[in-house]
Amino acid sequence: MLLMQLDDQKLEQAECHVVKVLEQNDFKLSKIHGVSKSIARAVAAISQYQKKNSRKFYEDRKHKPLEQWPKVSHGWSHMQNEHKDSLRPKTINKRTKNLYPIQRFTVGA
């Protein structure tokens, strides 16, 4: 039903744009904005419905599409851990340890 409604609205929008080019009817010109908004509403409703069905389909599966992964911040996704660090080549780890040694401070009396 929504798809049929969307097709009708797209046809009406095309008619409005033809009238705009030919500069004929002012009523159709004022209608362009409303038709565009209603098309956007229909597209949003369709995409929400598709996402809901997709979530239901992948609910109990091990692998999910990227859009269904939990959202994490930039820092969290790039955070280093010891496992990732061990996968890097040893020369890079040595170089970074030499460039950025652990800072040790002594307390002066």
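Located above this text is the structure these notes cover.
Visitor: Report on the overall build of the protein, specifying residues and quantitative values.
Guide: In terms of regular secondary structure, the protein is built from 5 helices and 0 strands. When the helices and strands of the protein are placed in sequence order, the string is α-α-α-α-α. Taking 109 residues into account, the globule formula puts the C-alpha radius of gyration at 13 Å, and the protein, at 29 Å, lies well above it. Overall size of the protein, expressed as C-alpha extent along the three principal axes, is 90 × 40 × 30 Å. With an accessible surface of roughly 10400 Å², the protein has 58% of that area assigned to carbon and sulfur atoms. Of the side-chain charges in the protein, 21 are positive and 11 negative, and the distance between the mean point of each set is 15 Å.

Visitor: Break down the pattern of salt bridges for me, with residues and values.
Guide: A side chain with one charge can pair with a side chain of the opposite charge if their charged atoms come near. For the structure shown, the criterion picks out 1 salt bridge. In this structure, the salt-bridge partner of K31 is E12, at a minimum N-O distance of 2.7 Å. Placement of the pair is K31 in helix α2 (residues 26-57) and E12 in helix α1 (residues 2-22), with a sequence separation of 19 residues. By relative accessible area, which is 29% here, K31 ends up partly exposed.

Visitor: I'd like a description of the nonpolar core, backed by residues and values.
Guide: Core analysis: the biggest nonpolar cluster contains 5 residues, these being L6, V35, I39, A42 and I46. It is α2 that provides the largest number of residues to this core, a total of 4 residues. When residues no more than four places from it in sequence are discounted, the contact partners of I46 are L2, L3 and L6.

Visitor: Describe the packing of aromatic side chains, with residues and values.
Guide: Inspection of the entire model under this criterion finds 1 aromatic pair. Seen in terms of ring centroids, F57 and Y58 are 5.0 Å apart; in terms of plane orientation they differ by 85°. Their pairing is edge-to-face. For R61, the ring lying beneath its charged end belongs to F57, and the centroid distance is 4.2 Å.

Visitor: Before we move on, could you go through the environment of K20 and cite the residues and values that matter?
Guide: Along the chain, K20 turns up in helix α1. For the pair K20 and K62, spaced 42 residues apart in sequence, the C-alpha to C-alpha distance is 52 Å. Contact partners of K20, with chain neighbours within four places excluded, come to L29 and I32.

Visitor: So what's going on with the environment of G75? Which residues, and what values?
Guide: Structurally, the position occupied by G75 is in helix α3 (residues 74-77). Residue classification places G75 among the partly exposed residues on the basis of a relative accessible area of 45%.

Visitor: Describe in detail the packing of α1 against α2, supporting the description with residues and values.
Guide: Contact geometry of α1 with α2 gives a least axis separation of 9 Å together with a crossing angle of 155°. By the angle between their directions, the pair α1 and α2 is classed as roughly antiparallel. Seen along the crossing, α1 lies across α2 with a hand that is left-handed. Along the contact surface, α1 presents L2, L3, L6, Q9, K10, E12, Q13, E15, C16, H17, V19 and K20, while α2 presents K28, L29, K31, I32, V35, S36, S38, I39, A42, V43, A45 and I46. Its residues assigned to classes, the contact of α1 with α2 comprises 13 nonpolar, 5 polar and 6 charged.

The rules behind the values
Residues numbered from 1 in each chain as written. Predicted model: local features only at pLDDT ≥ 70, side-chain atom pairs only at ≥ 80, totals over all residues. Heavy atoms only, no water. Helix = DSSP H or I, 4+ residues; strand = E, 2+ residues; numbered from the N terminus. Rg over C-alpha atoms; globule rule 2.2 N^0.38 Å. Areas by Shrake-Rupley, 256 points an atom, 1.4 Å probe, with all protein chains shown as cover. Lys, Arg positive; Asp, Glu negative; His and termini not counted. Charge placed at Lys NZ, Arg CZ, Asp CG, Glu CD. Salt bridge = Lys/Arg side-chain N within 4 Å of Asp/Glu carboxyl O. Buried < 20%, exposed > 50% of the residue type's maximum accessible area, 1.4 Å probe, protein only. Core = buried A, V, L, I, M, F, W, Y, C linked by side-chain atoms within 4.5 Å. Contact = heavy atoms within 4.5 Å. Phe/Tyr/Trp six-rings, centres within 6.5 Å; stacked < 30°, edge-to-face > 60°. Lys NZ or Arg CZ within 6 Å of the ring centre and 35° of its normal. Axes fitted to C-alpha atoms, helices over the stretch in contact; angles between N-to-C directions. Parallel < 35°, antiparallel > 145°, perpendicular 65-115°, else oblique. Left-handed = near helix turned anticlockwise from the far one by under 90°. Nonpolar A, V, L, I, M, F, W, Y, C, P; charged D, E, K, R; others polar.

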